[in-house]
Amino acid sequence: MYLLLLLSILQHPVLEVCSCPSLCACAYGNSGTSELRGVQCSDPRISAVPINVPADTVKLRLEKTLITKVPRAAFYNLSELLFLWLTYNSITTIHPSSFVNLKALRELRLDGNLLTAFPWEGLRDMPRLHTLGLHNNRLSSLPSHAALFLLNITYLDLSSNRLTILSAELLDLWFPLPDQRGGSVQRRILGLHDNPWLCDCQISLVVSLSMSIGSPVVLMDQLVTCSRSLGQSGMLLNKVELPRCMRPSIQPAATKVISPLGSNVILRCDATGYPTPTLTWVKTSTNIAAIRTSSGRMKSFPGFWKVVRCMQGSPRVGVRWSIISLDALSYKDAGEYRCQARNMAGIAEAPIKLKVVGVTRLSRLPKKKYQKTPPKSSSINKKPNRTPKASPTPLLKNNQIPQIITAPFKKNITKTAPGFVDKRLNMNSKGPKKMTKKTIKTILELSGNTTDPTPNTKV
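Within every chain, residues take consecutive numbers counted from 1 along the sequence as written. This being a predicted model, a pLDDT of at least 70 is required before a residue's local features are given, and a value of 80 or more before pairs of side-chain atoms are given or counted; all residues contribute to the totals for chains, interfaces and linings. Excluding hydrogens and water, the side-chain values take into account all heavy atoms of the structure.

With respect to the overall build of the chain
Step number 1: Secondary structure is summarised from DSSP: a helix means a run of H or I of at least four residues, a strand means a run of E of at least two, and numbering begins at the N terminus for each. When helices and strands are tallied, the chain shows six helices and 26 strands.
Step number 2: Across the 459 residues that make up the chain, the buried fraction comes to 38%. Each residue is assigned to one of three classes by its accessible area relative to the maximum for its type, calculated with a 1.4 Å probe on protein chains only: buried under 20%, partly exposed between the two thresholds, exposed over 50%.

A word on unusual backbone geometry
Step number 1: With a phi angle near 55°, lysine 64 is a residue other than glycine that sits in the positive phi range.
Step number 2: Inspection of the secondary structure puts lysine 64 in the loop between strand E3 (57-62) and strand E4 (69-70).
Step number 3: Lysine 64 sits in the exposed class, given a relative accessible area of 60%.
Step number 4: Despite not being glycine, aspartate 194 shows a phi value in the positive range, around 60°.
Step number 5: Inspection of the secondary structure puts aspartate 194 in the loop between strand E10 (188-191) and strand E11 (197-198).

Some remarks on the packing of aromatic side chains
Step number 1: Stacked, edge-to-face and tilted labels apply to pairs of Phe, Tyr and Trp rings (six-membered ring for Trp) whose centres lie within 6.5 Å, assigned for plane angles under 30 degrees, over 60, and everything in between, in that order. Summed over all chains, the structure comprises one aromatic pair.
Step number 2: Seen from their ring centres, phenylalanine 118 and tryptophan 120 are 4.9 Å apart, and the 70° between their planes marks the pair as edge-to-face. Of the two residues examined, phenylalanine 118 and tryptophan 120, each falls in the buried class.
Step number 3: Sitting over a ring, as applied to charges here, requires NZ of Lys or CZ of Arg to be within 6 Å of the ring centre and within 35 degrees of the ring normal. Its end group placed over the ring of tryptophan 85, lysine 59 keeps NZ or CZ at 4.7 Å from the ring centre.

A word on the environment of histidine 135
Step number 1: Along the chain, histidine 135 falls in the loop between strand E8 (131-133) and strand E9 (155-157).
Step number 2: Along the sequence, histidine 135 and leucine 192 sit 57 residues apart, while their C-alpha atoms lie 9.4 Å from each other.
Step number 3: Sequence-distant contacts of histidine 135, defined by excluding residues within four places in its chain, comprise Tyr88, Leu110, Asp111, Gly112, Asp157, Ser159, Ser160 and Asn161. Contacts are assigned to residue pairs that have any heavy atoms within 4.5 Å of one another.

Some details on the nonpolar core
Step number 1: Ranked by size, the top nonpolar core spans 59 residues in total, and within it Phe75, Leu84, Trp120, Leu132, Leu150 and Trp174 carry the most contacts.
Step number 2: Listing elements by their share of this core, those giving two or more residues are strand E2 (34-41), E3, helix H3 (168-174), helix H4 (201-210) and strand E12 (217-219).
Step number 3: Of all the elements, H4 adds the most residues to this core, at five residues.
Step number 4: Dropping the residues within four chain positions of it, leucine 84 is found in contact with Leu60, Phe75, Phe99, Leu102, Leu105, Glu107, Leu108 and Arg109. Throughout, nonpolar core names a set of buried Ala, Val, Leu, Ile, Met, Phe, Trp, Tyr and Cys residues whose side chains join them through atoms within 4.5 Å.

Quick word on the state of the cysteines
Step number 1: In plain terms, two cysteine sulfur atoms within 2.5 Å form what is called a disulfide here. Using the criterion set out here, one finds three disulfides in the structure.
Step number 2: Two residues share a disulfide in this structure: cysteine 24 and cysteine 41, whose sulfurs sit 1.9 Å from each other. Handedness here is read from the sign of the S-S torsion; for cysteine 24 and cysteine 41, about 110°, the answer is right-handed. One end of the pair, cysteine 24, is in the loop between helix H2 (13-18) and strand E1 (25-31); the other, cysteine 41, is in strand E2, and 17 residues separate them in sequence. Considered together, cysteine 24 and cysteine 41 belong to a single accessibility category, that of buried residues.
Step number 3: Free cysteine: cysteine 310, not disulfide-bonded; nearest cysteine sulfur from cysteine 339 at 8.6 Å.

Regarding a nonpolar patch on the surface
Step number 1: Surface patches are drawn from residues lacking salt bridges whose relative accessible area is over 30%; two like charges belong together within 9 Å, two nonpolar side chains (Val, Leu, Ile, Met, Phe, Trp, Tyr) within 5 Å. Only the protein chains shown count as cover for residues, and all accessible areas are computed by the Shrake-Rupley method using a 1.4 Å probe. Salt bridges are counted wherever a side-chain nitrogen of Lys or Arg sits within 4 Å of a carboxyl oxygen of Asp or Glu. A cluster of nonpolar side chains, Ile189, Val218 and Met220, forms an exposed patch at the surface whose accessible area comes to about 200 Å².
Step number 2: Looking at the secondary structure, you find isoleucine 189 in strand E10.
Step number 3: Looking at isoleucine 189, the relative accessible area reads 37%, which means it is partly exposed.

Concerning the pattern of salt bridges
Proximity of charged atoms lets side chains of opposite charge pair with each other.
Step number 1: Across all of its chains, the model carries ten salt bridges by this definition.
Step number 2: Aspartate 56 is the partner of arginine 37 in a salt bridge, and the nearest nitrogen-oxygen pair spans 2.7 Å. Of this pair, arginine 37 sits in strand E2 while aspartate 56 sits in the loop between E2 and E3; the two residues are 19 residues apart in sequence, bridging distant segments of the chain.
Step number 3: Using a relative accessible area of 10% as the deciding quantity, one classes arginine 37 as buried.
Step number 4: The exposure class of aspartate 56 is partly exposed, given its relative accessible area of 32%.
Step number 5: Via salt bridges that share partners, Glu107, Arg109 and Asp111 belong to a single interconnected network.

Some details on H4
Step number 1: Burial analysis of H4 places seven of its ten residues in the buried class, which makes it a mostly covered element.
Step number 2: Contacts made by the buried residues of H4 are with H3, E11, E12 and strand E17 (265-274).

Some words on the side chain of threonine 57
Step number 1: Looking at where threonine 57 falls in the secondary structure, it is placed in strand E3.
Step number 2: Polar contact criterion, stated in full: a pair of N or O atoms within 3.5 Å, where within protein one must be able to donate a hydrogen and the other to accept it, and residues adjacent in sequence count only if both atoms are side-chain atoms. Side-chain polar atoms of threonine 57 contact the backbone oxygen of proline 54, separated by 2.7 Å.
Step number 3: Setting aside anything within four residues of it in sequence, one finds threonine 57 in contact with Arg37, Val39, Leu78, Glu80 and Leu81.

As for the pairing of strand E18 (residues 278-283)
Step number 1: With respect to burial, E18 is a largely interior element, five of its six residues being buried.
Step number 2: Sheet topology places E18 next to strand E23 (residues 335-343); six bridges connect them, and they run antiparallel. Bridge pairing links threonine 278 to arginine 342 in E23. The criterion for strand pairing is that DSSP finds at least two bridges linking the strands in question.

This is the structure we're talking about:
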């Protein structure tokens, strides 16, 4: 019974995944306290990437086989893989998604194959990759966009291919300008020898800078030859008189521009250098995006607070001009514009100050400063709803009665002496009235005289 159970366990499909692929050799290597599994497949009868490689494999070597292509997600189950060697096979194509789920991979070698192109965007699936070997293939170009995916690569072997030129983007990555270095610069080891390089400024600068002290790039072999130059085929770069790189120089059409409000203005600058520099416009008064183009057509850039059109052109090698057009100027357009020229030899810039002038209209003028004061008798100076300052009420002597204004009364208000108003006297009649003793007594109390009048007083 136990024997049948053991046989059923050995035939379980899970164990088949952990078994070693046919025509391959599996072994464990010690690394401290853990054991790492390594798989090596070197049989010339293998024509495809094995699909049953154990999931705990750390190092996989597929060498000297008849494998011609690497399909999509060929190593998806090998999430713990650290080293992948696909050397000296017959690989011609690699799918861009071949390396999906290889997040731990550190080293990828494809030396000795028949690759004419490499899927550089596939490096995004290997964020920890530091070593990439492409020695002895058939690569004829190194595209500019490859620089986007080589940021973490510290060892890149491109030797023994068919490369002729290097792009400016790659040179910016390997030899950053001083103002672009963010802290410490990562050193890289490059293999560029045994390629039919065009003897130009770029490859010459790489070789010369790699020999300088503290260079961020170290060449595996400094015996780099140029094979495509008039009368200099096969000569070493350090023995050939090559065109020297020239740092850009820039000349603006004007350093200060004054333009009226609402008008259109064009800013221009010209630059020279070798290689031909590229031009960039930056408005330094605000945090806005720079505008840059190398085409000769107008292009809009929404990076500014308004749409700005830019155009560049290169009439000959080493010369480039650029203009930007600002329409319907406003006060926000005023400020300093910088035209920057850069190539692999350096960077230069020139400021252009733009001033926007116009007439400011005052919507309302102050009255006291620009308007004459009207005469006192004018009704303009009369302030409505304000009671004139009352004169102090004179003290009445004994037996004196204040004069009562007998004009028609309104709103239950009684007036006595000038400035004297009493609301407690309720006189609603339209004509004069005889006052009683009580009324006279009240008036005297209000005026401050408490002496009673003679009973024979008549009003």
